[in-house]
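# Geometric and topological summary
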Amino acid sequence: MIARRALRALALLLVATLCAAGSCDRVARRHPLTLDTDVFDFHQFLRAGKYLEASRYVTEARREAFIKAWERAHPLMEITDVEVQRVGRTDDADFATVEVKISYLTKDSLALKEHRLFELWKGMGTAWVIDSDVPPPPVAPPETAPPPPSPTPTTPPAPTPDPDGFGGGTP
């Protein structure tokens with residue numbers, strides 16, 4: 001009798017463990033640190049102008065340049081849509097290529113424009129990051145060039161003395 005109860009309890013424990021493991025597997029597949037989710041999140045942050053948040057998906061070595069470029073371009077444009085066109089896994093499972101179309105308006109024009117980005121993403125453990133050059137913004141402010149050198153000041157020629165004393169010297 002006790003053996004039968006122990007066997008039932010063990011069977012119930014086994015079923016509960018298997019169910020829990022199955023649900024954990026489903027949770028792991030929905031975990032936000034997957035390629036599709038990371039690509040989506042990055043581009044949504046980009047669209048919202050949240051460049052600091054988007055920079056989490058850029059390798060650390062390129063992060064500062066990414067933030068600087070996009071923050072400089074932000075006042076010049078308004079991103080209206082970001083559409084991931086294609087996500088392709090490379091033969092090496094740790095890399096993926098992503099093609100993105102960005103639709104935007106510039107502040108000086110009401111014409112809708114498009115810009116394409118091509119990114120190389122790298123799997124870093126449980127997260128994906130952009131491992132290619134910093135995706136450039138569609139518009140950028142003109143580089144502030146140093147002002148041209150000022151002309152060398154010239155000294156006017158010294159006036160010649162007026163021999164008559166009546167102000168009739170050289171002009």
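What comes next is a walk through the structure.

Scoring rules and cut-offs
Residues numbered from 1 in each chain as written. Predicted model: local features only at pLDDT ≥ 70, side-chain atom pairs only at ≥ 80, totals over all residues. Heavy atoms only, no water. Helix = DSSP H or I, 4+ residues; strand = E, 2+ residues; numbered from the N terminus. Buried < 20%, exposed > 50% of the residue type's maximum accessible area, 1.4 Å probe, protein only. Contact = heavy atoms within 4.5 Å. Pairing = 2+ DSSP bridges. Axes fitted to C-alpha atoms, helices over the stretch in contact; angles between N-to-C directions. Core = buried A, V, L, I, M, F, W, Y, C linked by side-chain atoms within 4.5 Å. Salt bridge = Lys/Arg side-chain N within 4 Å of Asp/Glu carboxyl O.

## As for the overall build of the protein chain
In terms of regular secondary structure, the protein chain is built from 4 helices and 4 strands. Seen in sequence order, the protein chain has helices and strands lined up from the N terminus as α-α-α-α-β-β-β-β. Counting over 171 residues, the protein chain shows a buried share of 26%. Within the protein chain, counting contacts between residues at least 6 apart in sequence, those at least 24 apart form 50% of the total.

## Topic: the sheet that holds strand β4 (residues 127-130)
Read from one edge of the open sheet, 4 strands run β1-β2-β3-β4, paired in antiparallel fashion. This sheet does not close on itself; its edge strands, each paired only once, are β1 (77-89) and β4. For this sheet, the mean inter-axis angle between neighbouring strands, taken without regard to orientation, is 30 degrees. In terms of strand pairing, β1 meets strand β2 (residues 95-106) through 11 bridges, oriented antiparallel. In the sheet register, valine 87 faces β2, and the bridge partner there is valine 98.

## Details of the pairing of β4
Here 4 bridges tie strand β3 (residues 112-124) to β4, and the two strands are oriented antiparallel to one another. Note that in β4 the partner of methionine 124 across the bridge is alanine 127. Counted between consecutive antiparallel strands, the loop separating β3 from β4 contains 2 residues, among which glycine 125 sits at a positive phi close to 75 degrees.

## Quick look at the nonpolar core
Side chains that are nonpolar tend, in soluble globular proteins, to be buried together. Grouped together as the largest cluster of nonpolar side chains are 26 residues, with contacts concentrated most on Phe42, Leu46, Phe66, Trp70, Met77, Ile102 and Trp121. Elements supplying a minimum of two residues to this core: α2 (35-48), α3 (51-54), α4 (60-73), β1, β2, β3 and β4.

## Remarks on the pattern of salt bridges
Enumeration according to the criterion identifies 5 salt bridges in this entry. Arginine 86 is the salt-bridge partner of glutamate 99, the closest N and O atoms lying 3.7 Å from each other. Taken together, the positions of glutamate 99 in strand β2 and arginine 86 in strand β1 put the pair 13 residues apart, joining distant regions of the chain. Look at glutamate 99 and you get buried, because its relative accessible area is 16%. Residue arginine 86 is classed as partly exposed on the basis of its relative accessible area, which comes to 41%. In this structure, glutamate 99 and arginine 116 form a salt bridge, with 3.5 Å as the shortest nitrogen-oxygen distance.

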